[in-house]
Structures are given as C-alpha cells and as structure tokens.
Amino acid sequence: MINRELIDASNLVAGVDKAFWVILTISFIFLIGLTITMLYFVYKYNKKRNPKATQIEGSIKLEIIWTTIPLALVLLMFYYGWQGYTPVTGDPPDDAMEVTAVARMWSFQFQYENGKKTDTLYLPKDKPVKINMKSLDVIHGLFIPAFRVKSDMVPGRDDMFRWFIPHLEGKFDLFCTEYCGLSHSYMYTSAVVMPEDKFNEWYKDTTKVVIPAGGKPGQAGLGVMKRIGCIACHSSDGSRLIGPSFKGLYNQPKVVIIGKEEKEITADDEYIKRSIFEPNAEIVKGFNKGLMLSYKDQLTDEEIELIIEYLKTL
Amino acid sequence: MAEPTINLEQSFYEVKNYKSPILNWILSTDHKRIGLLYLYSIMTFFVVGALLGLAMKLELIAPGKTIMEAQTYNAAFTFHGIIMIFLIIIPGLPAVFGNFLLPIMIGAKDVAFPKLNLLSWWIYVLGAIVALLSQVMGDGPPDTGWTFYAPYSFKTTSTVLPALIGAFILGFSSILTGLNFIVTIHRMRAPGMTWLKMPLFPWTLYATAWIQLLATPVVGITLLMVIAEKMFQIGFFDPALGGDPILFQHLFWIYSHPAVYIMILPAMGVISEVIPTFCQKTIFGYKAIIASTLLIAFVGYFVWGHHMYTAGMSDTALWLFSLLTFLVAIPSAIKIFNWIATLYKGSINLEIPLYWALGFLFLFMIGGLTGLVLGSVATDVYVHDTSFVVAHFHFVMFGGTGTGFFAALHYWFPKMYGKSYDNTWAKVGFWGFIIGFMMLYMPMFTLGMQGMPRRYFDYLEQFHGGNILSSFGAIILIASLAIVIINLVTSAKRGKKAPKNPWDGITLEWQVDSPPTLENFETIPVVEKGPYDYKK
Ligand code: HEC
Ligand SMILES: [Cu+2]
Ligand SMILES: [Cu+2]
C-alpha cells in the first residue's frame, strides 16, 4: 500500500489498492470539507459577531440531499470494495498449485504435493496457487501484506483456502495476524517468489534435511528445531518459556505426571522420543498439558537423532 | 427512606439518612447519588486502564523487550480491554449522566425503580470485583484479549474464568439499567412532554436501553456456554471437544457489534444537547436525528459479520454484510450534517463543553470514515487484525464516546457540583488531548496499512518509526488527561460557586437548583415548548 511497486505483487493488489484509493479520497474530501465548514461557522457566528441566533428548525430538502449523496457514495465504495476482492472469490483455476499451510503455536509449515515441507513459503511466479489453511491448536492467521492476502486458519476446519497469483519475484513478509498467545508477534516467516524454472528445480530436490557440514557438534539438530519451531517454547539456556528448558535435560532424572500419578524417570533417548511423539502422555511436573502437540509424521528418525545429538551438548 | 425531617429545599448532598457518610452513598436510592457512584467507580477504573495503555505504548517504543515481558504485555492488553469495554464505556454515559440527568431532563423526581437502580450499581461493583479477581487468582492474569476467542481461551493456562463470570454479571447491571430507563421514559415524563418534546439525550438513552435489554442476553448466554465448556468440557466452541470456534465469534459479535452503539449513541445524545445550548439555537433536524438514532439501533443488529470477513464466511455473506455495514454509516453521517447545520447562524458561545463537542465531531468523523475502509471487503481483508483496526475503534470509542463523556462532564459539571472549573487548565487539557490523541492513533493507521498485525508485543524494524511517534503521543495524551481530571477534581472541592444556569440552557435540568434538591423539582413542571425552542 505504501510502497507501490511498479509491477503488482499479486493479482489482488490492483483491485484492493483501487478500493483504498476510492474510499480514502472521498473520506479525505469529506473530513477536510466538514472540518473547515465547522470551524468557519464557529468563527463567523461567534456571539461577538452574531449576537442573535436565527432559529432554523431544519429543512426536508437538505435532509434528502445529505441522505442520498452519501448513500450513492457508500454504494460506490461498496462496489469497489467487492470488485477488489472478486479476483480471488470462487474456486481457483484448474492449473493452480496446491500448498497446505499448517500453523501451530508459533510456527508455520508449508507442505507441498510431492511431500516437501518447509518453513518458508516458496512460490512460482505467475502461477495460481491455492493455499489450504490448517491449524493444529488455536486460530492463527496467514497474512502476506505485499500480496494483500489474508485468511484465518481455524482448527477443526479443513475446508478453508485462499488462492491468488503472485506476480513479483522476491522475498515478502508473512505474518500470523490472529492473536495466538505468548509468541504471536514472533510467528512470522517469508514468502519467496521465484521464476517458474528455478522453482521447479527447487521443488524436485526432495532431499530431506540439508545438514550443514562442519560446525559444532549438534548444530544440525539445532537447525532442525529452529526450522520446525521447537525453540518458540523451549530454551537452551535454562530459562523457562512455555515448555521446560533443554539445558541439563539429557540423561538426568526428571519428575513427570502420568494420568494423576507422579513418577521419576530418566530423560534418555526413549523418553525424548516419547516426549516428541506423544507429548501429552507424560507431563513434566510444573508444566501444562495440551500445549505441545505431537510431531508424529513431521520428523524423521534421522532428524530425531540430530535433535538428541544437540540435547547432549547442553 | 424519606424521613419526615428531610428538607426539600436543600441540595441532595445534604440529605442524610444514615450517620455514616459512606452508607449515605452506597445505600442511597437517589438517582443523582447513584450516577455519581458510577462516575467515581468508572473514573477509578479509567485511570487504571489508561495507565495500562501507556505501559503498552512504552513497551512498543522500540522493537524487542523494552519494559515488560511478552506475557505481561499480553495480560496488559487483555486487562486494558476488559476494563475499558466492560467496566467503562458500556455502562459509561447512561450509568453516569443517564442516571443523574434523565429524570431531571424529563421532569421526574427519580427513575421508575430507584431500588432496582441501586441494585444495578451493586451488581456492577460485584461484577467488577469478580473480573478483577482474575488478576490475582490462579496461574496469572488472563491473556486472551477482551474478545476471549475460542479455542485460545480454552488452551491458555491463565485465569480466564473469573473474567468471564465478571463480564456475565456486569451484563445484568446493564440489562437492569436499560429496563429502568425504558420504563422511566415511558411512564414518568412531565405533563405536556410528548415524545416529540423530549430532549435528544433522553432519546438516545431510550434507543440504547433497548439494545441493552435485547442484545446483552446474547452475550450472557455465550459467556455461560464458555463457562460450561471450561468447567464441564461440554464442546460448544473448542474443536478439540467437537465444537466450532467460529460459532463463538458469531455469538460474540451479535452482541458486541450492537454494543458499539450502546457505547456511541448516548455520546451522540450529549453532543445534541451541547451544540444547541452553545449556539442558543434550536437543533437542526430534530426529527431526523431521532429517526437516525432509531435506525442505527435497528440496523446495528445486522452487521456483526464485518468482524469476520477473513474467518471463512461464504462470498454471499461477505458482500451482504459489507452492504449492510455501508448502509449503517448513513444515519451517522446524517447526524454529523445536522450538528454542523445547527452551528450555522447560531450565536456561538465558545466555552469548554463546546470545545469537547467539536473535538468529538472531528475525531468521530475520522473514526467513522476509516470504518468505511473496514466495511469494504477488499480493504478490510487487507487491514483486518492490523493496528489499523485498533486505531479505528479508538477513534470511535475514545475519540467518540470518550470525548463525548468529557463534553458531558464539562457541560453538566456546574449542575452536578454547583461549582465552576478553571477555564485555562480546561483548555490546556483539551488541546493536549487532541494533539496527543492524533499523535497516538494516526500513525497506527499507517502502520496497519504497512501490514503490522495487532496485539503485537514486538515488531520488525520497518514498523519502528510509526511506533515511536505513537508512543510519544501516548505520553502527551496521558499528561493532558491528568490535567483535565485534576482540574475537575480540585474544582469540585474548591471551585467558585456556579450559577444555576451558566450556559443559558433551556432544557429542564437548567431550571432546577445546582446541585439539585432531593426531589429535583418543587412542583413538577408542565412542558409546553419543544426542548430547544429558543424563540423568545
Ligand atoms: C507450543 C509450545 C511447544 C512447542 C512448539 C514444542 N514444545 Fe516440547 N514441550 C512443551 C511443553 C509445555 C512441555 C511440557 C509438558 C509436557 O511434558 O508435555 C514440553 C515438553 C517437551 C519435552 C520434555 C522435556 C522435559 O523437560 O522432560 C521435550 C523433550 C520436548 N518438549 C521436545 C520438543 C521438541 C523436540 C519440539 C520441536 C519438535 C518441541 N518440544 C516443541 C511445549 C512445546
Ligand atoms: Cu498464530
Ligand atoms: Cu498469532
């Protein structure tokens, strides 16, 4: 809206910005006009200048005029407001690419038809894309300002989607716009639009995790956890977030609650795996149930290994 | 409680039924004392709510953590919202000025059910206490936002239940006040005061009372459903229990949209009183203003969907709600035109209450016009849930209702206390308010149009500029509010004695003593003229 690009970033931009322009222009004219009139009257008819008021009860003619003109104007605004939205109403074109956006507290994941999963939304330029909106816990929102695209992501509703056509290459902010708790303001990522051939190259490459060579031991595990969003709830330095810190966790005794009973266990590999796949079976004492969701089918065994490698270093 | 010894010629402050001064207040069924009880409760909460707002703005002065943790911030905007909406602007004008002035303005000795009226205040206090308990009980203050959206309000570990129960109780206070006013207006108007000779502030209270009576039960039921779901796991709204979170939003907004008119209509009534008085001129289009009031109250029931354009409604629902929303803008526009037309050829006495009324017009126009952006589908989908929306409703609720409240306070202050306030300080406070207000909220429109989501504890660097300006605006605004309030409080104690009718008003309240006597009128007046009939 503010930095108008030369090319529209998506097929929605032109219509939305036009609606803005129509509504804001008319509004400015009214605001300025009425304010000046008001101040002018206050000056002109001040009791010093106009000691005696003229009693005017009203005027049917004026009432009709100032009902019908605004009525016509708001209908005009309504029209542009609806027109600006119609490019993306109804079903997407048949050749649209499908991506499923999955939100959870406090990260996004994008799942492609060939099984590829990412934390950044990659899109081919000039190709219609249909984004299915899913949420695993609470209501989130997917908002890409540059594209003028926004949709709530409602848990329990699997039929919600938004489609559009990105037209501009580049990297754009993607925010969660529905308040979703502690780290709502950190729940953002980017949408990257690439030329179709480059996108296809990226799309075909389905090697799972790119393990950075070298580096400190366990860094790859940290990379996995950053990508999938564990660090929104778990710290590595002992500080308490929504979940317990990972510091000093590995192979140490731990009190958990199973059902209603307390039990002491050792945080070994098995326990950590269980914590990730069935997080609500054993609850760490002092923390709450139902916040961490299962990562079943989201992490491979190798990735779990990497995570455990990292936990060992803490 | 009328004892034979009561002297009907002294001010109501002098009437003492109990030895203890406190009991004299909290057990009084005098509508004037009840109005003041509400005023003092509301002003106390307002100070808390405003300081919370300031704290949030200071947090946002720079990206990253500034003065508080994210959890504290989330609890702060929730508490700010609950206080401002449920404890202040919903009861607000009707409870304070409605109670104090409605009976006097229609020529009655009290409201129809004085004991019920006192009960409403007690229920209000009870609801407030229960709501405040959520701040100290359990695992920390609620962090859901005042909208309590499902399923977050079920997932959160913070203490939501007392806040919900508090809001539920407060609803009854609202319903009882509404009921009382409806009966009072139907039954107790002075002889000769036909419906079309009734002043406009009572008219807006009348329309408001109907919304209070009809819409509040919806939120009551909704809150009960949430409470039942939280306590007994009955799945209405939480998908984890098989419920539908969108159903919650529908029910919530079916009440909360009409509630916006509960908040704004009485302020419009105040403006319709202030402008004729300071123009010494009959109001332009009396009937048009009444018609538009009733129209707003009615059409306001059918536009709740505009809070939910991105929540997955059908395309048909989208354009229908959009169209209705645009239509509800018309009656508000009509009022603005009529008020400005009233200024035309008046004999304008530019005193403090008129400053506030003109301030209302200016800020409310911005609030209303930006509402058009939110009514239109394409633009709303873009700015929904960004700080644009926050700016918009602060212009309407604070710039509109809040400014209307201060207009009312400065207009009727001499009547309520029999004192006058200091004009210079009042002017300083007013101008500081307008400047601080514009600086605080205008940048939030542009931030929203840049894409900054609302309820954000932290933000990206590109949003920094607007936030700095906004935070400094907040400091100016709070300082000015302090000036306004301190000026009024000290004047109530030590101000010069005010004449009975300092502004040459002609509605009935200006014919009684300042402060009024217990029964307001020695003899009930007989009304022959229209309320703003200045023809001498
Ligand atoms: C929404 C916040 C959230 C996210 C995201 C999250 N967790 Fe958790 N996690 C929790 C909470 C709360 C607990 C404690 C309650 C429990 O035991 O289920 C927990 C417990 C754990 C435990 C047991 C810790 C202990 O001290 O015994 C492990 C291990 C764990 N999480 C690993 C992970 C991993 C790995 C990820 C990312 C794949 C992850 N969590 C993502 C909230 C989260
Ligand atoms: Cu979210
Ligand atoms: Cu969010």
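Residues numbered from 1 in each chain as written. Chains lettered and ligands numbered in written order. Predicted model: local features only at pLDDT ≥ 70, side-chain atom pairs only at ≥ 80, totals over all residues.

1. Observations concerning the overall build of chain A
Argument step 1. For chain A, the count of helices and strands is six helices and 13 strands.
Argument step 2. The C-alpha radius of gyration of chain A comes to 28 Å, more than 25% above the 20 Å expected for a compact globule of 314 residues.
Argument step 3. When its C-alpha atoms are laid out on the principal axes, chain A stretches across 90 × 50 × 35 Å.
Argument step 4. Within chain A, the proportion of its 314 residues that are buried is 33%.
Argument step 5. Taking contacts inside chain A between residues at least 6 apart in sequence as the whole, the part at least 24 apart equals 65%. (Helix = DSSP H or I, 4+ residues; strand = E, 2+ residues; numbered from the N terminus. Rg over C-alpha atoms; globule rule 2.2 N^0.38 Å. Buried ≥ 20, exposed ≤ 12 C-beta atoms within 10 Å, placed from the backbone. Contact = placed C-beta atoms within 7 Å.)

2. Considering the overall build of chain B
Argument step 1. Each helix and strand counted, chain B has 16 helices and zero strands in total.
Argument step 2. Relative to the globule expectation of 24 Å for 536 residues, the C-alpha radius of gyration of chain B, 23 Å, shows essentially globular dimensions.
Argument step 3. Counting only C-alpha atoms and orienting by the principal axes, one finds that chain B spans roughly 65 × 50 × 45 Å.
Argument step 4. The buried share of chain B, reckoned over its 536 residues, is 60%.
Argument step 5. A separation of at least 24 residues holds for 82% of the contacts in chain B among residues at least 6 apart in sequence.

3. What to know about the site of ligand 1
Residues and elements named next belong to chain A.
Argument step 1. Around ligand 1, the surrounding shell holds 27 residues, and the nearest of these are Cys230, Cys233, Gly243, Pro244 and Met292.
Argument step 2. Those elements that provide at least two residues to the shell around ligand 1 are helix H4 (219-228), helix H5 (269-277) and strand S13 (283-284).
Argument step 3. Of the residues assigned to the shell around ligand 1, the class counts are 20 nonpolar, six polar and one charged. (Near = placed C-beta within 6 Å. Nonpolar A, V, L, I, M, F, W, Y, C, P; charged D, E, K, R; others polar.)

4. Side note on unusual backbone geometry
Argument step 1. Between B:Ala150 and the following residue, B:Pro151, the backbone shows a cis peptide bond with an omega angle of -5°.
Argument step 2. Mapping B:Pro151 onto the fold places it in the loop between helix H5 (114-133) and helix H6 (152-155).
Argument step 3. In this chain, B:Ser514 is followed by B:Pro515 through a cis amide linkage whose omega measures -15°.
Argument step 4. Mapped onto the fold, B:Pro515 is located in the segment after helix H16 (464-494).
Argument step 5. Positive phi values are uncommon outside glycine, yet A:Arg148 reaches one of about 60°.
Argument step 6. Residue classification places A:Arg148 among the buried residues on the basis of 30 C-beta atoms within 10 Å.
Argument step 7. Phi at B:Gln233 takes a positive value of approximately 55°, unusual for a residue other than glycine.
Argument step 8. For B:Gln233, the location among the structural elements is in the loop between helix H8 (200-232) and helix H9 (245-279).

5. Thoughts on the packing of helix H4 (residues 92-105) of chain B against helix H7 (residues 161-187) of chain B
Residues and elements named next belong to chain B.
Argument step 1. Where H4 contacts H7, the two axes come as close as 12 Å, and the packing angle between them is 20°. Classified by the interaxial angle, the pair formed by H4 and H7 is roughly parallel. In terms of crossing hand, the pair formed by H4 and H7 is left-handed. On H7, the residues touching Pro94, Ala95, Gly98, Leu102 and Pro103 of H4 are Thr177, Phe181 and Thr184.
Argument step 2. Taken together, the residues that form the contact of H4 with H7 break down as five nonpolar, three polar and no charged. (Axes fitted to C-alpha atoms, helices over the stretch in contact; angles between N-to-C directions. Parallel < 35°, antiparallel > 145°, perpendicular 65-115°, else oblique. Left-handed = near helix turned anticlockwise from the far one by under 90°.)

6. Re the confidence of the model for chain B
Argument step 1. For chain B, per-residue confidence averages 91 on the pLDDT scale, and residues scoring 70 or more make up 98% of the total.
Argument step 2. Overall fold confidence for the complex sits at a pTM of 0.88, while the interface term, ipTM, reaches 0.90. (pLDDT = per-residue confidence, 0-100.)

7. Some points on the domain arrangement of chain A
Residues and elements named next belong to chain A.
Argument step 1. Under the domain assignment used here, chain A contains domain 1 (13-88), domain 2 (97-204) and domain 3 (219-312).
Argument step 2. If you average the C-alpha positions of domain 2 and of domain 3, the two centres end up 27 Å apart.
Argument step 3. Listed as interface residues are 10 residues of domain 2 and, on the opposing side, six residues of domain 3.
Argument step 4. Taken together, the residues that form the side of domain 2 that touches domain 3 break down as five nonpolar, two polar and three charged. (Domains from an automatic or database assignment.)

8. A short note on the pairing of strand S6 (residues 140-144) of chain A
All names here are of chain A.
Argument step 1. Across the five residues that make up S6, a large majority, five, are buried.
Argument step 2. Every second residue of S6 is oriented toward a common face, with His140, Leu142 and Ile144 on one face and Gly141 and Phe143 on the other, all of them buried.
Argument step 3. One ladder, built from five bridges, connects S6 with strand S7 (residues 149-153); its direction is antiparallel. In the strand pairing of S7, Ile144 is matched with Val149.
Argument step 4. Between the antiparallel neighbours S6 and S7 lie four residues, among them Arg148 with a positive phi of about 60°. (Pairing = 2+ DSSP bridges.)

9. Topic: the interface of chain A and chain B
When the parts of a complex come together, some accessible area is lost, and that lost area is often taken as the interface size.
Argument step 1. At the junction of the two partners, chain A supplies 72 residues and chain B supplies 75 residues.
Argument step 2. If you list the elements that add at least two residues to the side of chain A that touches chain B, you get helix H1 (13-44), helix H2 (60-83), S6, S7 and strand S9 (170-175) of chain A.
Argument step 3. A total of 14 residues in the side of chain A that touches chain B trace back to one element, the largest contributor, which is H1(A).
Argument step 4. In the side of chain A that touches chain B, the residues fall into 38 nonpolar, 23 polar and 11 charged.

10. As for H8(B)
Residues and elements named next belong to chain B.
Argument step 1. For H8, built from 33 residues, the straight-helix expectation of 48 Å at 1.5 Å per residue is met to within 8% by its first-to-last C-alpha distance of 47 Å.
Argument step 2. Of all the bends in H8, the largest measures some 30° and sits at Ala215, one to four residues before the proline Pro217.
Argument step 3. Directly after H8, the chain includes Gln233, whose backbone phi takes a positive value near 55°. (Expected span 1.5 Å × (residues − 1). Bend = angle between axes of the 7 residues up to and from the residue.)

11. Digging into the nonpolar core
When a protein is soluble and globular, its nonpolar side chains tend to lie buried together.
Argument step 1. In this structure, B:Ile271, B:Ala357 and B:Ala407 are the most contacted members of the largest nonpolar core, which totals 235 residues.
Argument step 2. The element contributing the most residues to this core is H9(B), with 21 residues.
Argument step 3. The two domains that each donate at least three residues to this core are domain 1 (13-88) and domain 2 (97-204) of chain A.
Argument step 4. Excluding residues within four positions of it along the chain, B:Ile271 makes contact with B:Trp339, B:Ala357, B:Phe360, B:Gly404 and B:Ala407.
Argument step 5. Judged by nonpolar contacts, the second largest core, of 10 residues, contains A:Ala220, A:Met225, A:Cys230 and A:Leu306. (Core = buried A, V, L, I, M, F, W, Y, C linked by C-beta atoms within 7 Å.)

12. Describing H7(B)
Argument step 1. Helix length check: H7(B), at 27 residues, gives a terminal C-alpha distance of 40 Å against a target of 39 Å (1.5 Å per residue), a fit within 8%.
Argument step 2. Burial analysis of H7(B) places 19 of its 27 residues in the buried class, the great majority of the element.

13. Notes on the environment of B:Met442
Residue and element names in this part refer to chain B.
Argument step 1. Checked against the element boundaries, Met442 lands in helix H15 (residues 423-450).
Argument step 2. Residue Met442 is classed as partly exposed on the basis of its 17 C-beta neighbours within 10 Å.
Argument step 3. Spatially, the C-alpha atom of Met442 lies 38 Å from that of Arg33, the residues being 409 residues apart in sequence.

14. Thoughts on the sheet that holds strand S11 (residues 253-258) of chain A
Residue and element names in this part refer to chain A.
Argument step 1. Strand order in this open sheet of three strands is S12-S11-S13, and the pairing throughout is antiparallel. The open sheet has two edge strands with one neighbour each: strand S12 (261-266) and S13.
Argument step 2. Note: S11 against S12, six bridges, orientation antiparallel. The residue bridging Ile257 from the neighbouring strand is Glu262, located in S12.

15. Description of the packing of H4(B) against H8(B)
Residues and elements named next belong to chain B.
Argument step 1. As a packed pair, H4 and H8 sit with axes 10 Å apart at the nearest point and diverge in direction by 125°. Looking at the two axes, H4 sits oblique to H8. Judged by the sense of rotation from one axis to the other, the crossing of H4 with H8 is left-handed. Within the contact between the two elements, H4 uses Pro94, Gly98, Leu101, Leu102 and Met105 and H8 uses Phe201, Pro202, Leu205 and Thr208.
Argument step 2. Tallied by class, the residues present in the contact of H4 with H8 amount to seven nonpolar, two polar and no charged.

16. Section: the environment of B:Ile82
All names here are of chain B.
Argument step 1. Among the secondary structure elements, Ile82 is positioned in helix H3 (residues 70-89).
Argument step 2. The buried category is assigned to Ile82, around which 29 C-beta atoms lie within 10 Å.
Argument step 3. Separated by 46 residues in the primary sequence, Ile82 and Ala128 place their C-alpha atoms 9.9 Å from one another.
Argument step 4. Leaving out residues up to four positions away in the same chain, Ile82 has contacts with Ala131, Trp146 and Ala163.

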